[in-house]
Amino acid sequence: MDDHSDDTRRPLSPRIEVYAGAGRKRWPDDLKAQIAAESLEQGAIVTDVARRHGCRPQQVHDWRRRARLGQLVLPASADTLSFVPVVSESALPAATEPSGSPEAAL
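What this report covers is the structure whose coordinates are included nearby. None of these values were measured; they are calculated from a predicted model. (Residues numbered from 1 in each chain as written. Predicted model: local features only at pLDDT ≥ 70, side-chain atom pairs only at ≥ 80, totals over all residues. Heavy atoms only, no water.)

## A short note on the nonpolar core
Grouped burial of nonpolar side chains is what soluble globular proteins tend to show.
Turning to step 1, where the next piece is worked out: Listed in full, the 12 residues of the largest apolar core are Trp27, Ala33, Ile35, Ala36, Val46, Val49, Ala50, Cys55, Val60, Trp63, Ala67 and Leu72.
Turning to step 2, where the next piece is worked out: Looking at this core, the elements that each hand over two or more residues are α1 (29-39), α2 (46-53) and α3 (57-68).
Turning to step 3, where the next piece is worked out: The residues contacting Val46, other than those within four sequence positions of it, are Ser39, Pro57, Val60, His61 and Arg64. (Core = buried A, V, L, I, M, F, W, Y, C linked by side-chain atoms within 4.5 Å. Buried < 20%, exposed > 50% of the residue type's maximum accessible area, 1.4 Å probe, protein only. Helix = DSSP H or I, 4+ residues; strand = E, 2+ residues; numbered from the N terminus. Contact = heavy atoms within 4.5 Å.)

Below, the structure written as structure tokens:
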């Protein structure tokens, strides 16, 4: 007997299917940032990046928007220049005694 009939004269099947999925997938912020950064690379296609990571393109676009607004921190790429503080070996000149009143130069 075929359960997939479009005949409206047949009674409905008493069978009920229950989906017991885990619900929405929770994406950690560091993974969101990694996917968004990957989608911003030269020549990347958002749909392909989303498919590769098992998410929807709309999610990737949202993560990119959040990154632009500063709500999601993207990882630094290898070509990004970064600066480090310069440490000098020479000793700082000895501080002089305070003269009694602070001075501010404008």
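Past the structure itself, the notes keep going.
## Structural notes on the packing of α2 against α3
Turning to step 1, where the next piece is worked out: Interhelical geometry of α2 versus α3 gives an angle of 110 degrees and a closest axis separation of 8 Å. Relative to α3, the element α2 lies roughly perpendicular. From α2, Val46, Thr47 and Ala50 reach across to α3, where they touch Pro57, Val60, His61 and Arg64.
Turning to step 2, where the next piece is worked out: Of the residues assigned to the contact of α2 with α3, the class counts are 4 nonpolar, 2 polar and 1 charged. (Axes fitted to C-alpha atoms, helices over the stretch in contact; angles between N-to-C directions. Parallel < 35°, antiparallel > 145°, perpendicular 65-115°, else oblique. Nonpolar A, V, L, I, M, F, W, Y, C, P; charged D, E, K, R; others polar.)

## Comments concerning the side chain of Ser39
Turning to step 1, where the next piece is worked out: Positionally, Ser39 belongs in helix α1.
Turning to step 2, where the next piece is worked out: Taking the relative accessible area as the measure of exposure, Ser39 reaches 3% and is therefore buried.
Turning to step 3, where the next piece is worked out: A polar atom in the side chain of Ser39 sits 2.7 Å from the backbone oxygen of Ala36.
Turning to step 4, where the next piece is worked out: The residues touching Ser39, leaving out its near neighbours within four places in the chain, are Ala44, Val46, Val49, Val60 and Arg64. (Polar contact = N/O pair within 3.5 Å; in protein donor to acceptor, adjacent residues only side chain to side chain.)

## Let's talk about α3
Turning to step 1, where the next piece is worked out: For α3, which comprises 12 residues, the first-to-last C-alpha distance of 17 Å matches the rise-based estimate of 16 Å (1.5 Å per residue) to within 8%.
Turning to step 2, where the next piece is worked out: Taken as a whole, α3 has its buried residues at Val60, Trp63, Arg64, Arg66 and Ala67. Projection of α3 onto a plane perpendicular to its axis shows the buried side chains occupying an angular sector of 160 degrees, all on one side. Within α3, the exposed residues directed more than 90 degrees away from the buried face are Gln58 and Arg68.
Turning to step 3, where the next piece is worked out: Contact partners of the buried residues in α3: α1 and α2. (Expected span 1.5 Å × (residues − 1). Arc of directions from axis to C-beta.)

## Quick word on α2
Turning to step 1, where the next piece is worked out: Among the residues making up α2, those that are buried are Val46, Val49 and Ala50. Buried positions in α2, seen along its axis, are confined to an arc of 100 degrees and lie on one side of it. Turned more than 90 degrees away from the buried face of α2 sit Arg51 and Arg52, all of them exposed.
Turning to step 2, where the next piece is worked out: Next to the buried residues of α2 lie α1 and α3.
Turning to step 3, where the next piece is worked out: Downstream of α2 by one or two residues, Gly54 has phi in the positive range, about 75 degrees.

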